[in-house]
Each structure stands twice: as structure tokens, then as C-alpha cells.
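For reference, the chains in residue letters:
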Amino acid sequence: MASEDVKTGEIAVSKIVNLAEEAKLAREGVKAPSHALVSICKSLIAGGVAGGVSRTAVAPLERLKILLQVQNPHSIKYNGTIQGLKYIWKTEGFRGMFKGNGTNCARIIPNSAVKFFSYEEASKGILFIYRQQTGNDDAQLTPLLRLGAGACAGIIAMSATYPMDMVRGRLTVQTEKSPRQYRGIFHALSTVLKEEGPRALYKGWLPSVIGVIPYVGLNFAVYESLKDWLLKSKPFGLVQDNELGVTTRLACGAAAGTVGQTVAYPLDVIRRRMQMVGWKDAASVVTGDGKSKASLEYTGMVDAFRKTVRHEGFGALYKGLVPNSVKVVPSIAIAFVTYELVKDVLGVEMRISD
């Protein structure tokens with residue numbers, strides 16, 4: 001009888017221990033995903049804030065760049081950075097400087113969030129594979145591997161937000177005299193869908209993806225590689241307590257932006273022009289008065305390149321480069337530094353260089 005009681009007691013204790021272990025595992029299983037989800041959200045927030053702040057800071061230059069890219073060569077209204085900004089201010093006022101910025105931020109905030117997060121995750125995946133192949137657990141990302149991770153991030157972010165970029169381009173080139181006025185983001189999206197079909201929302205996607213590979217890839221590769229070099233070599237006393245100052249990081253971001261945008265700029269011009277195809281009022285919009293009805297029809301990316309160079313010369317592929325350079329250099333620099341600062345404030349572990 002006593003032995004049966006002991007056996008029953010052992011069974012009861014065993015069940016209690018098993019239940020306790022299951023409860024512990026369940027709690028850990030819930031906590032881990034919860035912690036990971038919070039970390040992902042914080043990382044996305046940091047990327048979104050970085051994109052919104054950096055783009056708003058240079059919104060007038062962004063609008064001028066697009067106007068220079070798509071304006072009709074037979075009716076020049078924007079002739080250079082200073083003249084172009086003065087003309088916009090004179091004809092459209094302060095609001096004209098920031099026209100399309102709401103749409104731009106609605107696109108760039110999720111784009112930037114996805115881009116930074118995708119870069120971190122792609123970097124971790126590529127580094128893991130690289131270490132497995134080399135058999136060196138201490139191996140770090142090379143500039144070429146960073147270029148690959150940045151290219152992956154750029155393609156993912158661009159594809160996810162491209163329809164917003166397409167309608168943003170059309171909203172940006174509108175002027176007060178334009179015969180067709182899109183009232184906002186959703187009106188532009190619905191109008192394009194109704195009049196041109198869903199495929200129109202991805203016009204210019206191919207040159208965009210081709211352009212984003214060197215652009216975003218070089219941005220991340222140059223920025224991270226410059227930071228690593230400065231931290232290792234410690235030149236001119238730029239490194240204090242094994243950290244780079246904000247000014248130094250801004251300079252790294254500026255260098256990254258300059259290299260990336262110079263290489264990819266012709267594809268950006270072609271992308272904008274292809275986005276105007278199918279918009280029946282595009283010729284009038286880009287001239288502002290409708291006097292010239294130059295054809296804006298392209299059969300594809302190669303055709304757009306060929307016609308642009310044939311009719312306007314090779315220099316047309318770099319229209320708007322100066323305001324774009326003035327815009328990109330601070331924009332990229334602000335984005336990188338803002339991202340890192342916001343992550344620090346949110347207490348998110350920096351994972352890019354892991």
C-alpha cells in the first residue's frame with residue numbers, strides 16, 4: 001500500500017515537473033518572437049524616420065531635378081539650379097517648392113524603412129554564407145559583399161513602393177497651368193489605373209531596378225567601408241573612444257551619395273521619361289503651357305535611351321544632375337546618420353556590421 005502511494009506520488013511530481021517545463025518553454029517561445037518583433041519594428045521606424053527627414057530637407061531640389069529631367073527641349077523653362085528654384089518660387093510660391101513632397105514622403109518612408117531593414121538582414125545572410133564557405137568564423141563583409149547586400153535591399157524596397165514613385169513623379173511635374181490636375185496621391189493612383197491600366201503603375205520599373213543596383217549598393221558599400229577604414233586607421237584624430245562623430249559620419253554619407261548617384265543617374269532620367277508615357281497631357285504638363293506637343297512615346301528602356309541621345313544629345317542623360325547632386329549629397333548623409341541616431345535612441349542593437 002505504501003509502495004503504491006509512493007509510486008502515485010512520483011507520478012504526480014513527474015507530471016507537475018513536466019507541466020512546469022512546458023509552461024517555461026511556452027513562455028520563452030512567446031517572449032522570443034515578441035522581442036524579435038519589437039526589434040524589427042524599431043528598426044523599420046528608424047529607417048522610416050531617416051527617409052522622411054532626409055527627403056523633406058531637400059524637397060525643393062528634388063522637384064527641380066524631376067522638372068529638368070522631363071521638360072520639353074523646345075520650350076525650356078528651367079535652366080539650371082538657381083534659375084529653376086527662382087522660377088518655381090516666382091510662379092508657384094513656397095508651396096510650389098514642396099509640391100509632391102507629401103507623396104514623396106508617403107513613398108520614401110516605407111521605402112527607406114524596408115531598404116535599411118533589408119540591408120541588415122541581407123548582410124547577415126550573406127555574411128553567414130561567406131563564413132560557411134571560407135571556414136572563417138571571424139570573417140567580415142568585404143566592400144563587394146556589402147555592394148551585393150545593398151543591391152538586394154534596393155531591389156526589394158524599389159519594387160515594394162514603385163507605384164507611389166510613379167504617381168509622385170507625375171504630381172511633381174504639375175504646374176498651375178497644367179490642363180490635367182491630379183488632386184493627390186489616391187486620385188492620381190485611381191486615375192492612372194482607370195485610364196491606363198495597372199501595368200502603367202510599373203512603367204519605368206526595369207531601368208529603376210537596374211539603376212537601384214549600383215545606386216543603393218554603392219551607397220551602403222561606400223558608407224560602411226569608409227566607416228570601417230576610419231575606425232581601423234584612425235586618421236587625423238577623427239575617431240574618439242572607438243566612435244565616429246556625427247560630422248565624420250555625415251561626410252562618409254556624402255561621399256557614398258556622390259558615387260552612387262553619379263553612376264546611376266542616366267537610368268533615373270530614363271525612368272522619369274518612361275513614367276510620362278501614356279499620360280495624354282504629359283507634353284503639356286512638362287512645358288507648362290501646352291504650346292509644344294513633342295512626342296513622349298517610348299517602346300522600352302533601350303528605345304528611351306536611343307531617342308533621348310539622338311534628339312537631345314548625350315548630355316540629356318545628365319539633365320538635372322547638379323540639383324540632384326546638391327540634393328543627394330546631404331540627403332544620403334542625413335539618412336544614414338539619422339537612421340543610426342534613431343536606432344540608438346530606440347535602443348536597437350546595430351546589426352549592419354555583424
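Residues numbered from 1 in each chain as written. Predicted model: local features only at pLDDT ≥ 70, side-chain atom pairs only at ≥ 80, totals over all residues. Heavy atoms only, no water.

Let us now look at helix H7 (residues 205-233). Helix length check: H7, at 29 residues, gives a terminal C-alpha distance of 41 Å against a target of 42 Å (1.5 Å per residue), a fit within 8%. Valine 212 marks the point of greatest bend in H7, at about 35°, and the proline proline 214 comes within the next four residues. Once H7 ends, the next one or two residues include lysine 234, with phi positive near 50°. (Helix = DSSP H or I, 4+ residues; strand = E, 2+ residues; numbered from the N terminus. Expected span 1.5 Å × (residues − 1). Bend = angle between axes of the 7 residues up to and from the residue.)

This paragraph deals with the pattern of salt bridges. Enumeration according to the criterion identifies 19 salt bridges in this entry. Residue aspartate 165 pairs with arginine 271 through a salt bridge whose shortest N-O separation is 2.5 Å. Within this pair, whereas aspartate 165 is found in helix H5 (residues 143-173), its partner arginine 271 is found in helix H8 (residues 246-276), the two being separated by 106 residues in sequence. Judged by its relative accessible area of 9%, arginine 271 falls in the buried class. Two residues, lysine 227 and glutamate 340, come together in a salt bridge whose shortest N-O distance is 2.7 Å. Of the two residues, lysine 227 is situated in helix H7 and glutamate 340 in helix H11 (residues 321-346); the sequence distance between them amounts to 113 residues. With respect to burial, lysine 227 and glutamate 340 carry one shared label: buried. Each of Glu62, Lys65, Arg107, Asp165, Asp268, Arg271, Arg272 and Lys327 takes part in one network of salt bridges that share partners. (Salt bridge = Lys/Arg side-chain N within 4 Å of Asp/Glu carboxyl O. Buried < 20%, exposed > 50% of the residue type's maximum accessible area, 1.4 Å probe, protein only.)

For the protein chain, the mean per-residue pLDDT works out to 81, and 82% of the residues sit at or above 70. No element of the protein chain has a lower mean pLDDT than helix H9 (residues 282-287), at 48, and none a higher one than helix H4 (residues 101-134), at 91. Throughout residues 28-32 the model reports pLDDT below 50, and contacts reaching past four residues in sequence, or to other chains, amount to one contact. Here residues 283-294 is modelled with pLDDT under 50, and outside its nearest four sequence neighbours on either side it reaches 27 contacts, counting other chains as well. (pLDDT = per-residue confidence, 0-100. Contact = heavy atoms within 4.5 Å.)

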